[in-house]
Amino acid sequence: QKEVEQDPGPLSVPEGAIVSLNCTYSNSAFQYFMWYRQYSRKGPELLMYTYSSGNKEDGRFTAQVDKSSKYISLFIRDSQPSDSATYLCAMNRGGGNKLTFGTGTQLKVEL
Amino acid sequence: GAVVSQHPSWVICKSGTSVKIECRSLDFQATTMFWYRQFPKQSLMLMATSNEGSKATYEQGVEKDKFLINHASLTLSTLTVTSAHPEDSSFYICSARNLRTSGNNEQFFGPGTRLTVL
């Protein structure tokens, strides 16, 4: 079993839809949770960075962490074609330790 | 802030030659940089952790004599793929930790280097 599980998709939604992306994990030591967006042939771009359980909102993006269920989510409101990319969840124990990544979910927002 | 660059962005080389990839933090100091490789439609696989002024720590299964890492300063780390073979063709991405970021745990990624070995 992988430490971090993420549905690879592809996920196709119409423009304006609310998108829900999720990851589950097995290591209870993970404390920091991140979402990265990666366009084709580009490096990952940090979207959201959260610590422990709770919600964090930034513009159209909301990150949720439920440590009791070992489940994290990224919501995208009013999705746009420019949101079409691969979304990677990542997490670690903190202290600058290495990140453990999900496989990434490919999202396509269609006109 | 927190910009990481890589050079070159893409390189094609002949089998048996060596290729050097540079990773620079442009507007911050990074004591630690990480090197990843990514195959098409797959996630990032950590190859090694590079600490300024000390030897890199390699992940299990990564040949340290083949993938030479040097972290000469707080803004520069290099990855040299020695005696490259076609199976080394991949997308190589570096990331860096920002000393000034609260908690010092966020990682910022470079744009990646696409290596093709003929």
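Refer to the structure presented above.
Since the structure is predicted, the reported quantities are computational estimates derived from the model, not experimental observations.

Parameters and conventions
Residues numbered from 1 in each chain as written. Chains lettered and ligands numbered in written order. Predicted model: local features only at pLDDT ≥ 70, side-chain atom pairs only at ≥ 80, totals over all residues. Heavy atoms only, no water. Helix = DSSP H or I, 4+ residues; strand = E, 2+ residues; numbered from the N terminus. Rg over C-alpha atoms; globule rule 2.2 N^0.38 Å. Buried < 20%, exposed > 50% of the residue type's maximum accessible area, 1.4 Å probe, protein only. Contact = heavy atoms within 4.5 Å. Areas by Shrake-Rupley, 256 points an atom, 1.4 Å probe, with all protein chains shown as cover. Lys, Arg positive; Asp, Glu negative; His and termini not counted. Charge placed at Lys NZ, Arg CZ, Asp CG, Glu CD. Pairing = 2+ DSSP bridges. Salt bridge = Lys/Arg side-chain N within 4 Å of Asp/Glu carboxyl O. Buried area = accessible area lost by both parts, 1.4 Å probe. Polar contact = N/O pair within 3.5 Å; in protein donor to acceptor, adjacent residues only side chain to side chain. Nonpolar A, V, L, I, M, F, W, Y, C, P; charged D, E, K, R; others polar. Core = buried A, V, L, I, M, F, W, Y, C linked by side-chain atoms within 4.5 Å. Patch = residues over 30% accessible without salt bridge, like charges linked within 9 Å, V, L, I, M, F, W, Y side chains within 5 Å.

Caption draft 1: Representation of the overall build of chain B in the model. Along chain B, the regular secondary structure elements total zero helices and 11 strands. What you see in chain B, going N to C, is helices and strands ordered as β-β-β-β-β-β-β-β-β-β-β. The globule rule puts the C-alpha radius of gyration for 118 residues at 13 Å, and the 14 Å found for chain B is close to it. C-alpha atoms of chain B, sized along the principal axes, occupy 45 × 25 × 20 Å. Counting the 118 residues in chain B, one finds 52% classified as buried. Relative to all contacts within chain B whose residues are 6 or more apart in sequence, the contacts with residues 24 or more apart total 55%. For chain B, the accessible surface area stands at approximately 5700 Å², while carbon and sulfur atoms represent 52% of it. For chain B, the centre of its 11 positive side-chain charges and the centre of its 9 negative side-chain charges are spaced 3 Å apart.

Caption draft 2: Broad picture of the sheet that holds strand β7 (residues 61–66) of chain A. Residues and elements named next belong to chain A. Across the sheet, five strands lie side by side as β1-β3-β8-β7-β6; this open sheet has antiparallel pairing. The open sheet terminates on both sides in strands that have one partner only, identified here as β1 (4–5) and β6 (54–58). Two strands pair when backbone bridges link them, and β7 and strand β8 (residues 71–76) are joined in this way by six bridges, in the antiparallel orientation. Residue pairing across strands places Ala63 opposite Leu74, the latter belonging to β8.

Caption draft 3: Seen up close, the pattern of salt bridges. Residue and element names in this part refer to chain B. By the definition in use, this model includes six salt bridges over all chains. Here Asp88 makes a salt bridge to Lys66, at a shortest N to O gap of 2.9 Å. Of this pair, Asp88 sits in the loop between β8 (76–81) and β9 (90–97) while Lys66 sits in the loop between β6 (57–58) and β7 (67–73), and the two are 22 residues apart along the sequence.

Caption draft 4: Summary view of the interface of chain B and chain A. Contacts between the two partners involve 21 residues from chain B and, on the opposite side, 22 residues from chain A. Here chain B meets chain A over a buried area of about 1600 Å², counting both sides, of which 52% is carbon and sulfur. Summed over the shared surface of chain B and chain A, the number is one salt bridge. The partner of Glu59 of chain B in a salt bridge is Lys98 of chain A, with the nearest N and O atoms 2.7 Å apart. Put simply, chain B and chain A have five residue pairs in polar contact (both at pLDDT 80 or more) between them. Sorting the residues of the side of chain B that touches chain A by element identifies β4 (32–38), β9 and β10 (107–109) of chain B as the ones contributing at least two each. Here the residues of the side of chain B that touches chain A sort into nine nonpolar, seven polar and five charged.

Caption draft 5: Summary view of the nonpolar core. Counting 25 residues, the largest nonpolar core has Val4, Trp35, Leu79, Tyr92 and Leu115 of chain B as its most contacted members. Here Leu79 of chain B is in contact with Val19, Lys20, Ile21, Trp35, Phe67, Leu68, Ile69 and Tyr92 of chain B, once residues within four sequence places are set aside. The next biggest cluster of nonpolar side chains, apart from the first, holds 24 residues, and it includes Ala17, Phe30, Val65 and Ala85 of chain A.

Caption draft 6: Representation of a nonpolar patch on the surface in the model. Residues and elements named next belong to chain B. Where nonpolar side chains cluster on the molecular surface, the patch consists of Trp10, Ile12 and Leu118 and spans about 390 Å² of accessible area. By the element assignment, Leu118 lies in the segment after β11 (113–117). Judged by relative accessible area, which is 62%, Leu118 ranks as exposed.

Caption draft 7: Here's a closer look at the side chain of Lys66 of chain B. Residue and element names in this part refer to chain B. Residue class for Lys66 comes out buried when judged on its relative accessible area of 12%. Engagement of the side chain of Lys66 in a polar contact is seen with the side chain of Asp88, the distance being 2.9 Å. Setting aside residues no more than four positions away along its own chain, Lys66 makes contact with Thr80, Val81, Thr82, Ser83, Ala84, His85 and Asp88.

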